[in-house]
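Survey of secondary and tertiary structure
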Amino acid sequence: MMFMRLASYLGNQKYDVALVDYIDGDMAKNKDENVDLIPYFDDDEVLIPTNSILIFQTMTPWSLYPSLKVQDSINIFFITTLPANFYPVLPGFLRNIMYEGGIVAKLFWNTLLLNEYNKSKQFLKLIEEKNSHAILDSDIVCNLMKSLNTKITNPKLLPLFSQDVKENEFLKKGINDSNILNIGWVGRLADFKINILNHTMQNAFEYANSEKEKINFVVVGDGEYADQLFAKESEYFSITKISYVKPSELNSFMLTLDILFAMGTTALDGAKLGVPTVRLDYSYSQIPKNYKYKFFHEVRGYSMGEKMDSDCFVNGLHDFRDLINIFHQDKKQLSELGFDFYKSHHSIDSSSNLLLNYIQESSLRWSDLIDNNLMNSLFYDVWKKFRSK
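In short, a report on the structure. From a predicted model like this one, the values you see are computed outputs, not experimental measurements. (Residues numbered from 1 in each chain as written. Predicted model: local features only at pLDDT ≥ 70, side-chain atom pairs only at ≥ 80, totals over all residues. Heavy atoms only, no water.)

**Some words on the overall build of the chain**
Rule in force here: Only runs of H or I of at least four residues qualify as helices and only runs of E of at least two qualify as strands under DSSP, and these elements are numbered from the N terminus. Put simply, the radius of gyration uses C-alpha atoms, and a globule should come to 2.2 Å times the residue count raised to 0.38. Each residue is placed in one exposure class: buried if its accessible area under a 1.4 Å probe, protein chains only, is under 20% of its type's maximum, exposed if it is over 50%, and partly exposed if it falls in between. In this analysis, two residues are considered to be in contact whenever any of their non-hydrogen atoms come within 4.5 Å of each other. Working definition of accessibility: Shrake-Rupley area with a 1.4 Å probe, residue cover restricted to the visible protein chains. By the counting scheme adopted, Arg and Lys are positive, Glu and Asp are negative, and His together with the chain ends is not counted. A charge is said to be at NZ when it belongs to Lys, at CZ for Arg, at CG for Asp and at CD for Glu.
If you tally the helices and strands in the chain, you get 15 helices and 14 strands. Over its C-alpha trace the chain gives a radius of gyration of 22 Å, about what one expects of a compact globule, namely 21 Å for 389 residues. By the burial criterion, 53% of the 389 residues in the chain qualify as buried. Of the contacts made within the chain by residues no fewer than 6 positions apart, 67% connect residues no fewer than 24 positions apart. Carbon and sulfur atoms form 49% of the exposed surface of the chain, whose accessible area is close to 18,600 Å². Averaged over its 40 positive side-chain charges, the chain has a centre that lies 3 Å from the centre of its 49 negative ones.

**Focus: a negative patch on the surface**
Selection rule: Like-charged residues are merged into a patch within 9 Å and nonpolar side chains (Val, Leu, Ile, Met, Phe, Trp, Tyr) within 5 Å, provided each residue has over 30% relative accessible area and no salt bridge. Here a salt bridge means any side-chain nitrogen of Lys or Arg lying within 4 Å of a carboxyl oxygen belonging to Asp or Glu.
A surface patch of like charges, here negative, comprises Asp42, Asp43, Asp44 and Glu45. Take Asp42: it is sitting in the loop between β2 (36–39) and β3 (46–47).

**A word on the layout of surface pockets**
Left-over empty space is what a probe sized like a water molecule reveals as it rolls over the atoms. Applicable threshold: Here a cavity denotes a set of grid points, spaced 1 Å apart and computed over the protein atoms alone, in which a 1.4 Å probe fits but from which it cannot get out, and a pocket denotes an open set meeting protein on both sides within 12 Å along at least five of seven lines; residues with an atom within 4 Å of a point are reported as lining. Grid points are joined across faces, edges and corners, and a volume is the space filled by probe spheres set on the points. In this count, Pro and Cys sit with the nonpolar residues alongside Ala, Val, Leu, Ile, Met, Phe, Trp and Tyr, while Asp, Glu, Lys and Arg are called charged and the others, Gly among them, polar.
Size it by volume and the second largest pocket reaches roughly 390 Å³. Together, 17 residues line the second largest pocket, and Met1, Arg5, Asp32, Gln163 and Pro247 are the ones closest to its centre. Counting only elements with at least two residues in the lining of the second largest pocket, the list comes to α1 (2–12) and α9 (250–254). Sort the elements by how many residues they give to the lining of the second largest pocket and α1 lands first, with 5 residues. Residues belonging to the lining of the second largest pocket are distributed by class as follows: 6 nonpolar, 6 polar and 5 charged.

**As for the pairing of strand β12 (residues 259–262)**
So the rule is basically this: Any two strands with at least two DSSP bridges between them are considered paired. Seen with its strands pointing away from the viewer, a crossover is right-handed when the path leading from the first strand over the helix to the second is clockwise.
Of the two faces of β12, the one carrying Ile259 and Phe261 and the one carrying Leu260 and Ala262 are both buried. Here 2 bridges tie strand β9 (residues 180–186) to β12, and the two strands are oriented parallel to one another. Note on β12: the bridge partner recorded for Gly184 is Leu260. In terms of handedness, the path from β12 via helix α10 (residues 264–273) over to strand β13 (residues 277–279) forms a crossover that is right-handed.

**Observations concerning the sheet that holds strand β4 (residues 53–57)**
Note the threshold: For helices, the fitted axis covers only the stretch in contact; all axes are lines through C-alpha atoms, and the angles between them, taken along N-to-C directions, range from 0 to 180 degrees.
If you walk across this open sheet you meet the 4 strands as β4-β6-β7-β8, and the pairing is parallel. Each end of this open sheet is capped by a strand with a single partner; those strands are β4 and β8 (156–157). In this structure, β4 lies alongside strand β6 (residues 75–80), joined through 5 bridges in parallel fashion. In the sheet register, Leu54 faces β6, and the bridge partner there is Ile76. Taken strand by strand, helix α5 (residues 114–129) contacts β6 and β7 (133–135), and its axis lies near 105 degrees from that of β7.

**As for empty space enclosed by the protein**
Within the structure shown, the criterion is met by 1 cavity of 30 Å³ or more. If you add up the space inside the largest cavity, you get close to 50 Å³. Every residue along the wall of the largest cavity is listed here: Ala271, Gly274, Val275, Pro276, Thr277, Phe295, Phe296, His297, Leu334, Ser335 and Gly338. Per-class residue counts for the lining of the largest cavity are 6 nonpolar, 5 polar and no charged.

**As for the side chain of Ser303**
The cut-off we apply is this: Side-chain atoms alone can form a polar contact between residues adjacent in sequence; in general such a contact is a pair of N or O atoms within 3.5 Å, and within protein one must be able to donate a hydrogen while the other accepts it.
If you trace the backbone, Ser303 turns up in the loop between β14 (294–295) and α11 (320–329). Under the relative-accessibility criterion, Ser303 is labelled buried at 0%. At a separation of 3.2 Å, a polar atom in the side chain of Ser303 contacts the main-chain amide nitrogen of Gly305. Every residue in contact with Ser303, bar those within four places of it in the chain, is listed here: Asp137, Asp139 and Arg279.

What follows is the structure, given as structure tokens:
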């Protein structure tokens, strides 16, 4: 969603923009008409046009899509959305544990994956020196410095964004006075999201039954962890599951909710409409009992999701009961606080202008990655050959 919206915005500003995606990929199917598609194929070369600026979500450099045919002189820019973007991990069952960047990851980074770990640090240093690296929030900066044992002296923060806004749609439609509280989640059911979603649903289940207040929890999303989704229901707590909502229909859906629990671009999508939004944090493991929630307007450092089990994590202020009490006390003010905070800090206009300024200062070329021997990994080359056989 972030890259698709960025492409659409820049296209409307008369930039020549293309998205690289599989033909049946989500961006390919939902992109605006003013944005071209460069189809990606696993088994054929994909030519990137001369004089392009190629923007990636950050990843370990040996993971850069191998079918891309990129000239040495092409400008490269990276946007880091998670600390794990830089983490070398082992394939298989240890992968998710290592994405946490904890003791297990560091054990392998200092032994079997030492070469890859050092390359990741070298890669981060290079893109910082070349002014070719933006990071979504200060929490990611903190986690990167601790896990990679390095310094990032002047990080270029790029607040995650959604569309520009003019009015509060949630208040415009009128506040729902139904005796059923509609709570929602929208997002992929992924390894780092499923635990906080289940924790939230468990809290909602317990609250509904103890207070005898009817709650319908709507989960929009699918993914590899869908079979682990919380499934308890009762007289007061029901679950509605929807596998997918088209981006063009997302606003209409969110306006049916009373409260949205979300992270990433989804939290922005709710706040931009004025839907009272609780910005969730993420973890690859069970959520601690002392976890406290944050409303969207209470977030600092632009973070749209903090890693809980890190030294950088800042806990919220509210347990689940407190959230619902605040909502019932003044829905209008809660809506206004989130909407105003979004408008001031997370509109696509302000973030896109920041990005364009960053790109103007950037000096990283494709050849820099090659010359610094960052594009290959002996361990992963051997693994790929083993897997293919």
